[in-house]
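The chain contents come next:
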Amino acid sequence: MRSRIAQLRTQERGDVPGWVMITLMTAGVVAGLTAIAGPRLTSMLNQALMSVGG
């Protein structure tokens, strides 16, 4: 019985390299979008705050 439990634990390791790859790719996409659209988004935010604040 004990060896069966140990065997099940080793089989359910998960897909850690896959999750690491997804995390790195997501961070890359966010960094790319920020670099491309950052100045425009900042300008839009400043305009919105100026119109609300007076």
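To be clear, the structure that these remarks concern was listed above.
Residues numbered from 1 in each chain as written. Predicted model: local features only at pLDDT ≥ 70, side-chain atom pairs only at ≥ 80, totals over all residues. Heavy atoms only, no water.

(A) Fine view of the overall build of the protein chain. On a plain count of helices and strands, the protein chain comes out with two helices and zero strands. When burial is assessed residue by residue, the protein chain has 2% of its 54 residues classed as buried. As presented, the protein chain carries roughly 5200 Å² of accessible surface, and 68% of it is formed by carbon and sulfur atoms. (Helix = DSSP H or I, 4+ residues; strand = E, 2+ residues; numbered from the N terminus. Buried < 20%, exposed > 50% of the residue type's maximum accessible area, 1.4 Å probe, protein only. Areas by Shrake-Rupley, 256 points an atom, 1.4 Å probe, with all protein chains shown as cover.)

(B) Here's a closer look at helix α2 (residues 16–53). Spanning 38 residues, α2 covers only 47 Å between terminal C-alpha atoms, well under the ideal 56 Å at 1.5 Å per step. Among the 38 residues of α2, one are classified as buried, and the element is accordingly described as predominantly exposed. (Expected span 1.5 Å × (residues − 1).)

(C) Up close: a nonpolar patch on the surface. Side chains of Val16, Val20 and Leu24 sit close together on the surface and give an oily, nonpolar patch of about 280 Å² of accessible area. Among the secondary structure elements, Val16 is positioned in helix α2. Accessibility expressed as a relative area gives 52% for Val16, which makes it exposed. (Patch = residues over 30% accessible without salt bridge, like charges linked within 9 Å, V, L, I, M, F, W, Y side chains within 5 Å. Salt bridge = Lys/Arg side-chain N within 4 Å of Asp/Glu carboxyl O.)

(D) Up close: the environment of Ser51. If you trace the backbone, Ser51 turns up in helix α2. At a separation of 2.9 Å, a polar atom in the side chain of Ser51 contacts the main-chain carbonyl oxygen of Ala48. (Polar contact = N/O pair within 3.5 Å; in protein donor to acceptor, adjacent residues only side chain to side chain.)

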